[in-house]
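This is what each chain is made of:
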Amino acid sequence: MTASLEELEEHLSRLRAQLREARRARDTVAASRIRGELREVETAWERALDAEEAAAGTSGEEPATRDIALRAPASAAPPARGRQEKRSVQGAVPIREQVHQSLTLLGAPASPKLISSVYEAFFTEPLVATKLASLRRDEERSFSAQGYARPYYICAALTHDRLTPARGLLAVSVWPLERRIIAPLSQRADFLTHAVGTAEQIQRLSAAGHPPSEAAWQLLGRFALNIPGACDSDDLDPERVISAARLEAAVHQQADDTQRRASAERARTQLTDGQQLFGAAPLHNTLRNAGHVTR
């Protein structure tokens, strides 16, 4: 019998308490065993939550997509709504895995809105964007309890000056710290990286005989419209988008890389492992906490 969300949450709470006691007792064997069980129960909880939301019909109405003047090839695959709905109920992918797949394709920190658009364009399954709001906090709590027990975490991009979480951007913990730093030129550089990742995925699908979806071509079109030389005609060409994006990226690369490296080195000397993934506390939080201590 499949456990309910409430039962799984109670089980998680018990396991976390057991892990805390094992670590306090320096019982590494028990701690390792409990971490393994925690991972299994967390996966079951994520799948149960996805299945519950899918069964409740969370898809709702899809927002209207802005028309783009660029034309996708006639072979673009139409949306497969029936397949999406069936898959979302029967084999929902945990939200953290959905985000990881999108970010891996994009290759740089991205906003929840872009992550959601990429997943729906390339993985033929809806991503419930509202669930992304608490994902980073959940990942941070998991890292605090388990350390590096998971192969990856969905973490924060860091501001180059304060090393605090960059607002509205998610990243992957296994990326080099330099890639997760957001310096003054980084947002444009990352935009170009996103464009290249999207175009390359379209090329891979086409080469494998799988026509990219209309949503994938629309996504590439939005990138192309904002890159000089990427779309001089009405027809979209992924190779042309890649070339134009890399040409502009070369202009910014040296200055951006220098700023990112300097900030990353500072982060490695000033921040704990957890802060390097999820950012230092914002100054106003530090001051507020200090005020509570002095009262």
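The notes below deal with the structure included here. Note that the structure is predicted; figures quoted are calculated from it, not measured.

## Overview of the overall build of the chain
Secondary structure summary: the chain contains 12 helices and 3 strands in total. A burial count over the chain gives 42% of its 295 residues as buried. In the chain, once contacts between residues fewer than 6 apart in sequence are set aside, the share between residues at least 24 apart is 67%. Surface accessibility of the chain: about 16200 Å² in total, with carbon and sulfur atoms responsible for 52%.

## Examining the nonpolar core
Val99, Leu103, Phe122 and Val241 are the most contacted members of the largest nonpolar core, which has 46 residues in total. Counting residues in each nonpolar core, the second largest holds 11 residues, with Leu15, Ala30, Ala31 and Ala48 among its members.

## Considerations on the pattern of salt bridges
Per the counting criterion, the structure on display carries 10 salt bridges. Between arginine 268 and glutamate 178 there is a salt bridge, with the nearest N and O atoms lying 3.1 Å from each other. Here arginine 268 is found in helix 10 (residues 238–270), whereas its partner glutamate 178 is found in helix 7 (residues 177–180), with 90 residues between them in sequence. Take arginine 268: its relative accessible area is 35%, and that puts it in the partly exposed class. Residue glutamate 178 is classed as partly exposed on the basis of its relative accessible area of 22%. Arginine 260 serves as the salt-bridge partner of aspartate 256, at 2.9 Å between the closest nitrogen and oxygen. Placement of the pair is aspartate 256 and arginine 260 together in helix 10, with a separation of 4 residues, close to one helical turn. For the residue pair aspartate 256 and arginine 260, the accessibility class agrees, reading buried in each case. Where salt bridges share partners, they join Arg96, Glu139 and Arg150 into one cluster.

## Section: the environment of serine 144
Inspection of the secondary structure puts serine 144 in helix 6 (residues 135–146). Between the C-alpha atoms of serine 144 and aspartate 273, which are 129 residues apart in sequence, the distance is 9.9 Å.

## Focus: the pairing of strand 2 (residues 165–172)
Two elements, strand 1 (residues 154–159) and strand 2, share 4 bridges in a ladder whose sense is antiparallel. Following the sheet pairing, isoleucine 154 is matched in strand 2 by valine 172. The loop that links strand 1 with its antiparallel partner strand 2 comprises 5 residues; one of these, leucine 163, has a positive phi angle of about 60°.

## As for the packing of helix 8 (residues 186–207) against helix 9 (residues 214–224)
As a packed pair, helix 8 and helix 9 sit with axes 10 Å apart at the nearest point and diverge in direction by 145°. Here helix 8 runs over helix 9; the crossing is left-handed. Along its contact with helix 8, which presents Phe191, His194, Ala195, Thr198, Ala199 and Ile202, the element helix 9 presents Ala216, Trp217, Leu219, Leu220 and Phe223. Residues of the contact of helix 8 with helix 9, tallied by class, amount to 9 nonpolar, 2 polar and no charged.

## Concerning the side chain of aspartate 256
On the accessibility criterion, aspartate 256 (3% relative accessible area) is buried. Sequence-distant contacts of aspartate 256, that is, excluding residues within four places in its chain, are made with Ala183, Leu185, Ser186 and Ala189.

## Let's talk about the packing of aromatic side chains
Inspection of the entire model under this criterion finds 5 aromatic pairs. Each ring, one from phenylalanine 143 and one from tyrosine 153, has its centre 5.4 Å from the other, and the planes form 85°; the classification is edge-to-face. Separated by 10 residues along the polypeptide, phenylalanine 143 in helix 6 and tyrosine 153 in the loop between helix 6 and strand 1 bring together distant segments of the chain. Across the pair, tyrosine 153 and phenylalanine 143 agree in class, each one buried. Relative to phenylalanine 278, the ring of phenylalanine 143 has its centre 6.1 Å away and its plane inclined at 55°; by these criteria the two rings are tilted. One end of the pair, phenylalanine 143, is in helix 6; the other, phenylalanine 278, is in helix 11 (residues 273–278), and 135 residues separate them in sequence. Pairwise contacts between aromatic rings join Phe143, Tyr148, Tyr153 and Phe278 into one cluster. Residue placement shows arginine 96 over the ring face of tyrosine 152; its charged tip is 4.5 Å from the ring centre.

## Re the sheet that holds strand 1
The mixed open sheet is built from 3 strands, whose spatial order is 2-1-3. The sheet is open, and its two edges are formed by strand 2 and strand 3 (181–182), each paired on a single side. Here helix 4 (residues 95–106) sits on the sheet and contacts strand 1 and strand 2; the angle it forms with strand 2, its principal contact strand, is near 90°.

## Brief notes about helix 8
In this model, helix 8 (22 residues) spans 31 Å end to end at C-alpha, consistent with the 32 Å of a helix rising 1.5 Å per residue. Taken together, the buried positions of helix 8 are occupied by Ser186, Ala189, Asp190, Leu192, His194, Ala195, Val196, Gly197, Thr198, Ala199, Gln201 and Ile202. Those residues of helix 8 that are buried are in contact with helix 4, helix 5 (112–122), strand 3, helix 9 and helix 10. Trailing helix 8 by a residue or two, glycine 209 shows a phi angle of about 85°, which is positive.

What counts and how
- Residues numbered from 1 in each chain as written.
- Predicted model: local features only at pLDDT ≥ 70, side-chain atom pairs only at ≥ 80, totals over all residues.
- Heavy atoms only, no water.
- Helix = DSSP H or I, 4+ residues; strand = E, 2+ residues; numbered from the N terminus.
- Buried < 20%, exposed > 50% of the residue type's maximum accessible area, 1.4 Å probe, protein only.
- Contact = heavy atoms within 4.5 Å.
- Areas by Shrake-Rupley, 256 points an atom, 1.4 Å probe, with all protein chains shown as cover.
- Core = buried A, V, L, I, M, F, W, Y, C linked by side-chain atoms within 4.5 Å.
- Salt bridge = Lys/Arg side-chain N within 4 Å of Asp/Glu carboxyl O.
- Pairing = 2+ DSSP bridges.
- Axes fitted to C-alpha atoms, helices over the stretch in contact; angles between N-to-C directions.
- Left-handed = near helix turned anticlockwise from the far one by under 90°.
- Nonpolar A, V, L, I, M, F, W, Y, C, P; charged D, E, K, R; others polar.
- Phe/Tyr/Trp six-rings, centres within 6.5 Å; stacked < 30°, edge-to-face > 60°.
- Lys NZ or Arg CZ within 6 Å of the ring centre and 35° of its normal.
- Expected span 1.5 Å × (residues − 1).

All we've got here are geometric facts, nothing functional implied.
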